[in-house]
Amino acid sequence: MILNIARRMSTVDIAALRIKYKEKKDIFHESSIQVKEPFSLFRKWFDEACNTPEIIEPNAMCLATATKDAIPSARFVLLKDITDQGFTFFTNYGSRKAAEIAENPNVALTFYWLPLRRSVRIEGSAEKISREESEAYFHQRPRASQIGALASPQSEAIPSREYLDQKEQAIKDELGPEGVVPLPNWGGYLVRPSTIEFWQGQTNRLHDRIRFRQKLKDGETVDGEVLHQGESGWFYDRLAP
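Please read all numbers here as calculations on a predicted model, not as lab measurements.

1. Concerning the packing of aromatic side chains
Scanning all chains against the criterion turns up 19 aromatic pairs. With a centroid separation of 5.3 Å and 85 degrees between ring planes, the pair formed by W45 and F198 is classed as edge-to-face. Residue W45 is located in helix α2 (residues 38–50), and its partner F198 is located in strand β7 (residues 186–200); the two are separated by 153 residues in the primary sequence. Like F198, W45 is buried.

2. Quick word on the UniProt feature "domain: Pyridoxine 5'-phosphate oxidase dimerisation C-terminal" (unreviewed entry) in the chain
The UniProt record annotates "domain: Pyridoxine 5'-phosphate oxidase dimerisation C-terminal" (unreviewed entry) at residues 186–241. For residues 186–241, the helix share is 0%, the strand share is 50%, and the end-to-end C-alpha distance is 39 Å.

3. Concerning the side chain of E100
Tracing the backbone through its elements, the reader meets E100 in helix α3 (residues 96–103). Classification of E100 by relative accessible area gives buried; the value is 5%. Beyond its immediate stretch of four places on either side in the chain, E100 contacts T65, A66, T67, S73 and R75.

4. Details of the pattern of salt bridges
What the rule picks out here adds up to 17 salt bridges. Between R75 and E100 there is a salt bridge, with its nearest N and O atoms 4.0 Å apart. With R75 in strand β2 (residues 72–78) and E100 in helix α3, this residue pair connects regions lying 25 residues apart in the sequence. Taken as a pair, R75 and E100 share a single burial class, namely buried. Through salt bridges with shared partners, a single network forms among R211, R213, E220 and D237.

5. Quick notes on the UniProt feature "domain: Pyridoxamine 5'-phosphate oxidase N-terminal" (unreviewed entry) in the chain
The residues that UniProt annotates with the feature "domain: Pyridoxamine 5'-phosphate oxidase N-terminal" (unreviewed entry) are residues 55–165. Here residues 55–165 is 27% helix and 39% strand, with 31 Å between the C-alpha atoms at its ends.

6. Side note on the pairing of strand β5 (residues 106–113)
Only one face of β5 is buried, namely the one carrying V107, L109, F111 and W113, since none of N106, A108, T110 and Y112 on the opposite face is buried. Hairpin geometry of β5 and strand β6 (residues 118–128) is characterised by an intervening segment of four residues between the two adjacent antiparallel strands and by a positive phi of about 55 degrees at R117.

7. As for a nonpolar patch on the surface
On the surface, V12, I14 and L17 cluster together into a nonpolar patch covering about 270 Å² of accessible area. Inspection of the secondary structure puts V12 in the loop between α1 (2–9) and α2. The class for V12 is partly exposed, based on a relative accessible area of 40%.

8. Section: helix α4 (residues 131–138)
Given 3.6 residues per turn, any residue in an α-helix points the same way as the ones three and four places further on. For α4, the full list of buried residues reads S134, Y137 and F138. All buried residues of α4 fall inside an arc of 100 degrees around its axis, so they share one side. Summarising the contacts, the buried residues of α4 are in contact with β4 (86–92), α5 (143–151) and β7.

9. A few points about the nonpolar core
Of all hydrophobic cores here, the largest spans 35 residues; its most connected members are F42, F87, W113, V120 and F198. Those elements giving two or more residues to this core turn out to be α2, β1 (60–66), β4, α3, β5, β6, β7 and β8 (208–213). Here the element with the most residues in this core is α2; it accounts for six residues. Apart from the residues within four sequence positions on either side, F198 is in contact with F28, P38, L41, F42, W45, S119, V120, D208, R209, I210 and F212.

10. A short note on the pairing of β4
Along β4, seven of the seven residues are buried, which leaves the element largely enclosed by surrounding structure. Inspection of the sheet shows β4 paired to β7 by six bridges, in the antiparallel sense. Bridge pairing in β7 places F90 opposite G188.

Conventions and cut-offs
Residues numbered from 1 in each chain as written. Predicted model: local features only at pLDDT ≥ 70, side-chain atom pairs only at ≥ 80, totals over all residues. Heavy atoms only, no water. Phe/Tyr/Trp six-rings, centres within 6.5 Å; stacked < 30°, edge-to-face > 60°. Helix = DSSP H or I, 4+ residues; strand = E, 2+ residues; numbered from the N terminus. Buried < 20%, exposed > 50% of the residue type's maximum accessible area, 1.4 Å probe, protein only. UniProt positions renumbered as here; feature names shortened; annotations may be inferred. Contact = heavy atoms within 4.5 Å. Salt bridge = Lys/Arg side-chain N within 4 Å of Asp/Glu carboxyl O. Pairing = 2+ DSSP bridges. Patch = residues over 30% accessible without salt bridge, like charges linked within 9 Å, V, L, I, M, F, W, Y side chains within 5 Å. Areas by Shrake-Rupley, 256 points an atom, 1.4 Å probe, with all protein chains shown as cover. Arc of directions from axis to C-beta. Core = buried A, V, L, I, M, F, W, Y, C linked by side-chain atoms within 4.5 Å.

Here it is as C-alpha cells:
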C-alpha cells in the first residue's frame, strides 16, 4: 500500500532504485586496520575520499542535533579539522544547531562517500573551541565568506532575499575594500567522539560495519572473539548489517 502511493507520487520506481556496492573480494576485514583505533582509520579513508575525483566535497558531513526534549534536526556542514581530540566544524552561534547544542551537547556526524561505497558515523559531544581559534580560522576564509557570515542572522526569519543583499552591500560600503571584517557571533565546535562506526557497502547487502567505542556497557567483557581491545583506550567489534 505504502509503496503504491510512493509510485503514484513520483515518475520513478523508488522501490527499484538500487546500485552495486563492493564485491565479496573487497570485504572490509578487521585485519586490514593497521592501527586499531578510529582516528588513524578515519584519516586513511578520508585521504582516499579526497583523492577520488568523483567526490566533490569529501569533508561534507551530516550533523544531527537534538533539543533537550530529544526533538532531532539534521543538516550538512563541512569538516574543517581532525585531530586525536575530535572533529571540528564552524557555524553561527545564533543558529538553530548552536541553540540545540547549548541545550543538549550530544550530536552525531555522518560522512557518505558514494563512489567508495563507504560511510562513517560518529557519535559524541560538541563543545565550543576558543575564540582565538575561531577568529584565526575566520580570517583565513575568503573575504566574501566573512562578509556573508556577518550579514546573515542564521536561522532567523527574514523578509526577503533582497534583505540579505542589502545587508551585505551595507557592510561592504562601511568596510571598504581593505577593511578587516569583525568576527560575528560565529565560531567552531569540537565534536569529541565516543563511538565511531565504519561502514562499507556490499552488493549482497551483507554490509561491513566495524565499530570503535571508548566505553563498554555493564557486563560487557573483551573476549577477543566478538569484542576486541584496540589501541589508545578504544574497543572495537563488528556489527551485523
